[in-house]
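Close look at the chain arrangement
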Amino acid sequence: MIKALVKNVLVAINGSQSSIHAAMYGIILAKQYHFNLKFIYVVDTATLKRLTIGKFLIKEESDTFESNLHSDGEKYLDYVTSLAKKKGVKAEAELREGSVWVEVVKAADAFGAKLILLGGHPSRYAVTGKVSDDSTIFSKTDKDIILNANCSTLVVYEPKIEELYRIL
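The structure displayed is predicted, hence computed values, not measured ones.

A count of helices and strands for the protein chain gives six helices and five strands. The secondary structure elements of the protein chain, listed N-terminal to C-terminal, are β-α-β-α-α-β-α-β-α-β-α. Of the contacts made within the protein chain by residues no fewer than 6 positions apart, 76% connect residues no fewer than 24 positions apart. Working note: accessible area of the protein chain is about 9900 Å², and carbon and sulfur atoms make up 54% of it.

Structure follows, in structure tokens:
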């Protein structure tokens, strides 16, 4: 008998609606296929450091932004873990600091993830219905995660995910 291909799934949360939808998608998958689920939010201290060094921010502003990002991260992680709990899915949550793509890849490796879920951005191609290249769909962070992950990645775009989540 073949061992399960995917057992651990990591969902990158950044507070966007698309990342919340990726969390819902992960919850549905975890419920159906009994995956271990983990949510991660990364406080982008790498960018804050670059902005401070480049004199775009003063240290006090950087500290305030970092504190706010920590609060936001905790809030979003609490929210998505509560969504999982409502559906009877046990999920871990982790708040990290650093470069977003680096920390997501490290967290996936540490968790033994075989799949990373990223939120898709349908509004980037909704106007024409066509995509000329990947720069219009993926953020730089998404591309870096996809290119550097040691497991599969899935960009989630499910138009009716909220409805599917509700009826689960």
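A few words on the sheet that holds strand 2 (residues 36-43). Overall, parallel pairing links the five strands, which are arranged 3-2-1-4-5 in an open sheet. Strand pairing shows two members of the sheet lacking a second neighbour, strand 3 (91-97) and strand 5 (152-156), which therefore form its edges. Direction aside, neighbouring strands of the sheet carry axes that sit 25 degrees apart on average. In terms of strand pairing, strand 4 (residues 115-119) meets strand 5 through five bridges, oriented parallel. Pairing of Leu118 across the sheet is with Val155, part of strand 5. Docked against the sheet, helix 1 (residues 17-33) engages strand 1 (8-13), strand 2, strand 4 and strand 5, running at close to 140 degrees with respect to strand 4. Strands in contact with helix 4 (residues 100-111) are strand 1, strand 2, strand 3 and strand 4; relative to strand 2, the strand with the most contacts, it is inclined by about 155 degrees.

Right, let's get into the packing of aromatic side chains. To describe a pair of aromatic rings, one takes the distance between the centres and the angle between the planes. In the structure shown here, the tally under the stated rule is two aromatic pairs. Centre to centre, the rings of Tyr41 and Tyr76 are 6.3 Å apart; their planes meet at 25 degrees, and the pair counts as stacked. Of this pair, Tyr41 sits in strand 2 while Tyr76 sits in helix 3 (residues 59-86), and the two are 35 residues apart along the sequence. We classify Tyr41 as buried; its relative accessible area is 5%.

Here we take up the nonpolar core. Judged by nonpolar contacts, the single largest core of 26 residues is most densely connected at Val11, Ile13, Ile27, Leu37 and Phe39. No other element matches the eight residues that helix 1 contributes to this core. Apart from the residues lying within four places of it in its own chain, the contact partners of Phe39 are Val11, Ile13, Ala23, Ile27, Leu77, Val80, Thr81, Ala84, Ala91, Glu92, Ala93 and Glu94. Val104, Ile116, Leu118 and Ala149 belong to the second-largest nonpolar core, a separate cluster that totals 14 residues.

Criteria and thresholds
- Residues numbered from 1 in each chain as written.
- Predicted model: local features only at pLDDT ≥ 70, side-chain atom pairs only at ≥ 80, totals over all residues.
- Heavy atoms only, no water.
- Helix = DSSP H or I, 4+ residues; strand = E, 2+ residues; numbered from the N terminus.
- Contact = heavy atoms within 4.5 Å.
- Areas by Shrake-Rupley, 256 points an atom, 1.4 Å probe, with all protein chains shown as cover.
- Pairing = 2+ DSSP bridges.
- Axes fitted to C-alpha atoms, helices over the stretch in contact; angles between N-to-C directions.
- Phe/Tyr/Trp six-rings, centres within 6.5 Å; stacked < 30°, edge-to-face > 60°.
- Buried < 20%, exposed > 50% of the residue type's maximum accessible area, 1.4 Å probe, protein only.
- Core = buried A, V, L, I, M, F, W, Y, C linked by side-chain atoms within 4.5 Å.

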